[in-house]
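Spelled out, the chains give:
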Amino acid sequence: MQVRDAMSKQVLVVGPEHTLRQAASMMATRRVGSAIVIDPDAQGIGIMTERDVLYAIGGNLDPDTETVGAHITWDVVYAGPEWTLEEAALAMSRGGFRHLVVLEGTEVVGVVSVRDIMRVWAAARERV
């Protein structure tokens, strides 16, 4: 199976000027664990995850004044939609993260998470 079979195609995009509370609220509403951050004035495409929000709040930072821009992960590992789920899982395991931004060329086409991979693998196992 390939990443395209498991990835979420509806991607939440937030800007670097959003507060952590705004981003967390949007993530909660959409029931997703990450948001793509596109900052045309910076390095391009980044990601902010629920873990980033947790670390900020756990560090006593104010989610109403802290912006996403201060908590973006720019060192993003990108997957291609043609990657196998095993390749994606290995990349996540090696990097210690739970989300991969899926690019086709330079366009974001989805996000694949550990949860997405587990869901597809579990469904495939049930069919056996």
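Since this is a predicted model, take the numbers as computed values, not measurements. (Residues numbered from 1 in each chain as written. Predicted model: local features only at pLDDT ≥ 70, side-chain atom pairs only at ≥ 80, totals over all residues. Heavy atoms only, no water.)

Describe in detail the sheet that holds strand S1 (residues 13-14), supporting the description with residues and values.
Strand pairing in a sheet relies on backbone hydrogen bonds. The paired strands run either parallel or antiparallel. In space, the three strands of this open sheet follow the order S1-S2-S3, with mixed pairing throughout. Two strands close off the open sheet at either side, each with one partner strand: S1 and strand S3 (44-49). Here S1 runs beside strand S2 (residues 34-39); their pairing, made up of two bridges, is parallel. In the sheet register, Val-14 faces S2, and the bridge partner there is Val-37. Seen against the sheet, helix H2 (residues 20-30) touches S1, S2 and S3 and runs at an angle of roughly 75° to S3. (Pairing = 2+ DSSP bridges. Helix = DSSP H or I, 4+ residues; strand = E, 2+ residues; numbered from the N terminus. Contact = heavy atoms within 4.5 Å. Axes fitted to C-alpha atoms, helices over the stretch in contact; angles between N-to-C directions.)

So what's going on with the pairing of S3? Which residues, and what values?
Burial of S3 is extensive: five of the six residues sit out of reach of the surface. Sheet analysis places S2 next to S3, joined by six bridges and oriented antiparallel. Following the sheet pairing, Asp-39 is matched in S3 by Gly-44. (Buried < 20%, exposed > 50% of the residue type's maximum accessible area, 1.4 Å probe, protein only.)

So, the pattern of salt bridges: which residues are in play, and what are the values?
Summed over all chains, the structure comprises three salt bridges. Glu-50 is the partner of Arg-98 in a salt bridge, and the nearest nitrogen-oxygen pair spans 3.4 Å. Residue Arg-98 is found in the loop between helix H4 (85-95) and strand S5 (99-104), and its partner Glu-50 is found in helix H3 (residues 50-58); the two are separated by 48 residues along the sequence. Among the residues examined, Arg-98 registers a relative accessible area of 32% and is labelled partly exposed. For Glu-50, a relative accessible area of 34% corresponds to the partly exposed category. Notably, a salt bridge pairs Asp-116 with Arg-119, separated by 3.5 Å at the nearest N-O pair. Taken together, the residues Asp-116 and Arg-119, both in helix H5 (residues 114-127) and three residues apart, mark about one turn of the helix. Overall, the relative accessible area of 10% leaves Asp-116 in the buried class. (Salt bridge = Lys/Arg side-chain N within 4 Å of Asp/Glu carboxyl O.)

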